[in-house]
Structure formats: structure tokens, C-alpha cells
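# Inside the fold
Each chain, letter by letter, is given below.
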Amino acid sequence: GESVGLHLPTLSVQEGDNSIINCAYSNSASDYFIWYKQESGKGPQFIIDIRSNMDKRQGQRVTVLLNKTVKHLSLQIAATQPGDSAVYFCAEKTPLRQGAQKLVFGQGTRLTINP
Amino acid sequence: DVKVTQSSRYLVKRTGEKVFLECVQDMDHENMFWYRQDPGLGLRLIYFSYDVKMKEKGDIPEGYSVSREKKERFSLILESASTNQTSMYLCASGQGGTGNTIYFGEGSWLTVV
């Protein structure tokens, strides 16, 4: 069935260090993946995305890696800052019919940046 | 910037009341979604719509209905609110096709007493 799971529910890193958040997905038909950041009391905020025909994509301080062989996704955040503390969700987008998609979320990882 | 606006941030309703949650997007997106978010359960899809007047059930549609009379507006309706519908409700929208991001509103906190 469809499921997107995260390996660790919580992650603590020192300010300035790099962090890696992992995600496993099960639907091989998913063609697009998104990472979201959610701060307390707010809606999920788009961070970075990747299509299934890519294996790496970089943004500002963030990199997403996709390994379709093992259905694994990761988010790397470089030089973490206090503002990076949040819950991070991976989501897979599954096509349903022309133009329609379904977005399935993982449970989320809470990232805490220690000063 | 994409803007997804949820009309109410905080609501308190009584059991049995009819509740409307409104969502408006300003990017002419085809797809709109309603999720609820609960601790330990993550985001779960209630309903989605891929066109005006079109709707599809998500994973947990029981107790909810939706309305999409105009492309920019997607409403979630609780016909008779119950305490187990106390949750944070998130609206999202996105363009159709592969590779188009889905954007979220700020959420509506509903408490049913």
C-alpha cells in the first residue's frame, strides 16, 4: 500500500553542523517528491522538491537525494541555524488521473538545533 | 508568491453544529486539498478536487463533505460536528501535472466541545 515513513522521529544537531533527515516511500508509481518544513502553529512550508527522473537537487543550504532503487529520500541541511528547528515532512505525489494527484505524507521528523 | 488563505484560524463549535471551513487560492490552481493533522497521525487527506464541481474522497472522508463551486475556492463542511473532529485542518492547492508543487495555507484550528 501507499506509505511514506521516516526513519527517526526526532533529531538534534549542534548549530552550524549539517543535518540529514531520511524518508522511505513505498509507491513506485510516485513521480514527484516534496520536502516541507512546519513550524509550530503554522502550515507546512515548501522547502525543495525533486522529480523521479532525478537523483539529486540542490537549493539554498538544502539538498535532496532520491534513491529509487531502495525507495529512499533524504534532506540534507547545511550549516544549520536556530531557525531550522521545525518538523520536516517528506511527501510523495502519486498521479491518479490526468491532472489529478494525491500527496501522501510521512509522519515527520522534529529537528532541534542546539546552540 | 502563491497564497492559500484559510478564512478562520481558530474556531470553537458545539457538538452537532454545522461547520464550514473556507479556503481560497490566488494562483488559478486546478487541484485543491483538505487535510487534517493530528499528533502522532501526521497529515491525512480528507477530500480533494481536481476541477470545479469535481471532488474525490481521500483517506478519511467520513463525517465531511466538500464544495467547489469556483476554481479558487474549496470549502470543507462538517455536517454535524463531533468531538473527534477536533483537529488542525489544512487546505492546499497546486497545479496539475508532474512536478508542480502543492502549497499549504496556515491552518484552521477547530475545537468541538
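This section reports on the structure supplied with the text. (Residues numbered from 1 in each chain as written. Chains lettered and ligands numbered in written order. Predicted model: local features only at pLDDT ≥ 70, side-chain atom pairs only at ≥ 80, totals over all residues. Heavy atoms only, no water.)

For the rest of this paragraph, the subject is the interface of chain A and chain B. Opposite the 23 residues of chain A that make contact, chain B presents 29 residues. Across the chain A to chain B interface the summed buried area is about 2000 Å²; carbon plus sulfur atoms make up 52%. The tally of links from chain A across to chain B stands at zero salt bridges. Inspection of the region where chain A meets chain B yields seven residue pairs in polar contact (both at pLDDT 80 or more). Mapped by element, the contributors of at least two residues to the side of chain A that touches chain B are β4 (32-38), β5 (45-51), β9 (86-97) and β10 (100-105) of chain A. By residue number, the principal contributor to the side of chain A that touches chain B is β10 of chain A, which donates five residues. (Contact = heavy atoms within 4.5 Å. Buried area = accessible area lost by both parts, 1.4 Å probe. Salt bridge = Lys/Arg side-chain N within 4 Å of Asp/Glu carboxyl O. Polar contact = N/O pair within 3.5 Å; in protein donor to acceptor, adjacent residues only side chain to side chain. Helix = DSSP H or I, 4+ residues; strand = E, 2+ residues; numbered from the N terminus.)

With that out of the way, let us pick up the pattern of salt bridges. Pairs can form between side chains of opposite charge once their charged atoms are near each other. Tallied over the full model, the rule gives eight salt bridges over all chains. Asp49 of chain A is paired through a salt bridge with Arg57 of chain A; the nearest N and O atoms lie 2.1 Å apart. Owing to a relative accessible area of 8%, Asp49 of chain A belongs among the buried residues under this scheme. Here Glu79 of chain B ties to Lys18 of chain B by a salt bridge, and the two come within 3.5 Å at their closest N and O atoms. Within this pair, whereas Glu79 of chain B is found in the loop between β8 (73-78) and β9 (87-94), its partner Lys18 of chain B is found in the loop between β2 (10-13) and β3 (19-25), the two being separated by 61 residues in sequence. For Glu79 of chain B, a relative accessible area of 44% translates into the label partly exposed. The partly exposed category is assigned to Lys18 of chain B, whose relative accessible area is 44%. (Buried < 20%, exposed > 50% of the residue type's maximum accessible area, 1.4 Å probe, protein only.)

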